[in-house]
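A look at the structure
In case you want the letters, here they are:
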Amino acid sequence: DSEFFVRLPAILCFAVTLFFINRLCDYMFGAKVAFITSLLACLMPAFEFYSIFMMPDAPLLAFWSLGMYAGFRLYKEESKYWWIVLGLCCGLASTSKYPGFLVPLSTLLILVYKKKWSLFRGWQFPFSAILALAIFSPVIVWNSQNNWISFFFQAISRFKEANTFLDITGGSLLNITALPTPLGFIFFCWIAWQSLKKVEDERWLYLCLSFMPFALIIMVVACFRLIQLNWPLPIYPALIIATGAILEEREVWSKRKWQFILGVVFVPNLLFSLLPLISTAFPIASLNNVNEIAGWKKMGETADELIGSSIDPYHCFLAGHGYHIASQLAFYSKKPYLTTSSNIIDVACKSFDFWNKPGDYKGWNCIYVVAEDLKSDGTFRPREIFKREFLEEKFTSVVNLDKVTVYRGGRPLRRYRYFFCTNFQGMPEINDHINAKRM
């Protein structure tokens, strides 16, 4: 129950990702290119950020990279047993995040293009499909029991999140170019173009089939909604292998022009990659606006103390305003079993919407926590719209408690507001707050 062990799976997943990127590159282009590729991967924010944050992208990338490796071994060696590994990767990657369904796509495309129909015969291919479906089946069962809410969210609701041209175009462009940095993005576009010119070689064909379909999907989706920072990540395993191979092929290490270009591209990548580590290790006030790691422990400890000093501590639960605040509150208060979110006031809060039954906590008191960020004008404002009357609709009385400000580097980092609410009406029906739009 410590931060290290929460993030350890992400670190291990990145090790798996890096290992199979290295193995595939070695299998394709040799050990020297594999070493270069691994080094470049470690410099990229796209990999570094998601090697320390435990998000679905960490296991997705691990199984994506293993799937790429298994798929090329299947194609080259024509050993049908690699289908089993590919099915395993598809199932586990999809269970991590729905784009994992695309793990076998590059293999299927190259086998069809090269007309290797014999590899589809035998029990291994259908078994791999059944295996992937069996691994993913709990997700299907859960969705069938909950009105297919997750599938609808990803397929429909997601496209309603960005509704202005600036959000869709400007925001998407910013997020797509952020992780490789803008110069890095231009550089990788050039790598992609050079790779496409080499598709007569089956190695380059496979790499292009591994990054181009997903890149095209991202481009299409970007026309309709805001692309999140982490969504393009599956593009990078194949693209970074192509980068290492092209750089070695052109012998850029001995050419000053290329040394300058690589410095311009990868030094900013390195500095950007180190940003989360620097902001965590050193209390630098200028980085407070991007620091999402520090300051939460005080919020949870204060909430725990307030429960202990409340009128009836054995019938008092916690709620955080917004699912991210509630998650931090559950972790640092050490009371996840007593913590919910703003679903109690009819605001949709993702998984928190499903973790309670209608009527839960009825008659109980609540410590409600709102996190506020310091804005450029010097005022604190909630991360999500908050109105006190939302609470007053659900409780008999609402009393303001402490405002706790946490500091880092001599400047305010964040402020937490606490409310003591009495006699909760009970959890609403789930559809009441999933479909609610509170302003």
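Keep in mind it's a predicted model, so treat the numbers as computed, not measured.

Definitions and cut-offs
- Residues numbered from 1 in each chain as written.
- Predicted model: local features only at pLDDT ≥ 70, side-chain atom pairs only at ≥ 80, totals over all residues.
- Heavy atoms only, no water.
- Helix = DSSP H or I, 4+ residues; strand = E, 2+ residues; numbered from the N terminus.
- Expected span 1.5 Å × (residues − 1).
- Buried < 20%, exposed > 50% of the residue type's maximum accessible area, 1.4 Å probe, protein only.
- Arc of directions from axis to C-beta.
- Contact = heavy atoms within 4.5 Å.
- Polar contact = N/O pair within 3.5 Å; in protein donor to acceptor, adjacent residues only side chain to side chain.
- Pairing = 2+ DSSP bridges.
- Axes fitted to C-alpha atoms, helices over the stretch in contact; angles between N-to-C directions.
- Parallel < 35°, antiparallel > 145°, perpendicular 65-115°, else oblique.
- Left-handed = near helix turned anticlockwise from the far one by under 90°.
- Nonpolar A, V, L, I, M, F, W, Y, C, P; charged D, E, K, R; others polar.
- Salt bridge = Lys/Arg side-chain N within 4 Å of Asp/Glu carboxyl O.

1. Some words on helix H14 (residues 296-308)
Think of an α-helix as 3.6 residues a turn; residues three or four steps apart then line up on the same face. Over its 13 residues, H14 runs 19 Å from end to end, which matches the ideal 18 Å to within 8%, given 1.5 Å per residue. For H14, the set of buried residues is Trp296, Met299, Gly300, Thr302, Ala303, Leu306 and Ile307. Summarising the axial view, the buried residues of H14 lie within an arc of 165°, below the 170-degree limit, and thus occupy one face. Across from the buried face of H14, at angles greater than 90 degrees, the exposed residues are Glu305 and Gly308. Close packing links the buried residues of H14 with strand S1 (316-320), helix H15 (323-333), strand S3 (365-374), strand S5 (397-408) and strand S6 (411-422).

2. Overview of the side chain of Asn175
Inspection of the secondary structure assignment puts Asn175 in helix H9 (residues 165-178). Side-chain polar atoms of Asn175 contact the backbone oxygen of Ile227, separated by 2.8 Å.

3. A closer look at the pairing of S5
Pairing geometry for S5 and S6, over 10 bridges, is antiparallel. Note on S6: the bridge partner recorded for Val399 is Phe420. Counted between consecutive antiparallel strands, the loop separating S5 from S6 contains 2 residues, among which Gly409 sits at a positive phi close to 65°.

4. Points about the packing of helix H10 (residues 182-196) against helix H11 (residues 202-222)
Any two packed helices are characterised by how steeply their axes cross, that is the angle between the axes, and by the distance between the axes. Orientation of H10 relative to H11, taken along the N-to-C sense of each, is 135°, at an axis distance of 9 Å. Between H10 and H11, the angle is such that the two are oblique. Crossing handedness for the pair H10 and H11: left-handed. Contacts between H10 and H11 involve Ala192, Ser195 and Leu196 on the former and, on the latter, Trp204, Cys208, Phe211 and Met212. Considering only residue class, the contact of H10 with H11 consists of 6 nonpolar, 1 polar and no charged.

5. Description of unusual backbone geometry
The residue Lys115 is not glycine, and still its phi comes out positive at about 55°. Residue classification places Lys115 among the exposed residues on the basis of a relative accessible area of 61%.

6. Remarks on the pattern of salt bridges
The full count for this structure, using the stated rule, is 18 salt bridges. For the salt bridge of Glu249 with Lys198, the shortest nitrogen-to-oxygen distance reads 2.6 Å. Note that Glu249 is positioned in helix H12 (residues 236-249) and Lys198 in the loop between H10 and H11, a separation of 51 residues in sequence. For Lys394, the salt bridge goes to Asp346, with nearest N and O atoms at 3.0 Å. Placement of Lys394 in helix H16 (residues 388-394) and of Asp346 in the loop between strand S2 (339-341) and S3 is noted, with a sequence separation of 48 residues between them. Just as Lys394 is buried, Asp346 falls in that class too. It is possible to trace a salt-bridge network through shared partners that takes in Glu292, Asp373, Arg383 and Arg414.

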